[in-house]
Amino acid sequence: MTASPDLGTSRTASPELLRSVFRQHAAGVAVITAAGAGPVGFTATSLNSVAAEPPLISFGVGTSSSSWHTVAEANHVGVHILGEDQHELAATFARSGADRFGPATDWRTGPEGVPLLGGVVAWLVCRVVARIPAGDHRIVIGEVVAGDPARGGRPLVYHQGRFTALRD
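Here's what I pulled together on the structure shown here.

What counts as what
Residues numbered from 1 in each chain as written. Predicted model: local features only at pLDDT ≥ 70, side-chain atom pairs only at ≥ 80, totals over all residues. Heavy atoms only, no water. Salt bridge = Lys/Arg side-chain N within 4 Å of Asp/Glu carboxyl O. Helix = DSSP H or I, 4+ residues; strand = E, 2+ residues; numbered from the N terminus. Buried < 20%, exposed > 50% of the residue type's maximum accessible area, 1.4 Å probe, protein only. Patch = residues over 30% accessible without salt bridge, like charges linked within 9 Å, V, L, I, M, F, W, Y side chains within 5 Å. Areas by Shrake-Rupley, 256 points an atom, 1.4 Å probe, with all protein chains shown as cover.

1. What to know about the pattern of salt bridges
Pairing is possible between side chains of opposite charge, provided their charged atoms come close.
(1) Moving on: Evaluated as defined, the whole model comprises 5 salt bridges.
(2) Moving on: Linking Arg19 and Glu16 is a salt bridge whose minimum nitrogen-to-oxygen distance equals 4.0 Å. With Arg19 and Glu16 both in helix 1 (residues 15-22) and 3 residues apart, the pair spans about one turn of that helix.
(3) Moving on: Among the salt bridges present, the one from Arg154 reaches Glu84, with a minimum N-O distance of 3.2 Å. Note that Arg154 is positioned in the loop between strand 10 (137-148) and strand 11 (156-159) and Glu84 in the loop between strand 6 (76-81) and helix 3 (87-94), a separation of 70 residues in sequence.
(4) Moving on: Residue Arg154 is classed as partly exposed on the basis of its relative accessible area of 30%.

2. Some thoughts on a nonpolar patch on the surface
(1) Moving on: On the surface, a nonpolar cluster with roughly 300 Å² of combined accessible area is contributed by Leu18, Val21 and Phe22.
(2) Moving on: Structurally, the position occupied by Phe22 is in helix 1.

What follows is the structure, given as structure tokens:
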């Protein structure tokens, strides 16, 4: 058996290897929100549909993130699919120390007291059914209880370390 010339040289597993490989993977961009002493939220590219019956989603959250303590206690979370024109909103919720729910952010209190962002492509409110340890993160599984896909539109995508849009 001969080696394929495009395989290159393998590297030992490390956080840097994982990051560099996943920079090649395009992912949709979502913002996850929860209510606690105040609203919290963070940008996520780990959102997945898990099951249709019952309707379940999952996402990862770092246990060192400023939002984790609220998400760890929340009964419900908001899931917001961002549109291609929402680079700044994604950056705000990704930036440490940002005033995520300040005057520049369009939001309201939605079902189950969850903070809902305005102008997004679609949103869901989910009841948290599990928090699964996964290294320095937790995988949160939520059951959909409400939502709205009404705006629709083209999604924001994360690729090569930046927010971008789909190309035709």
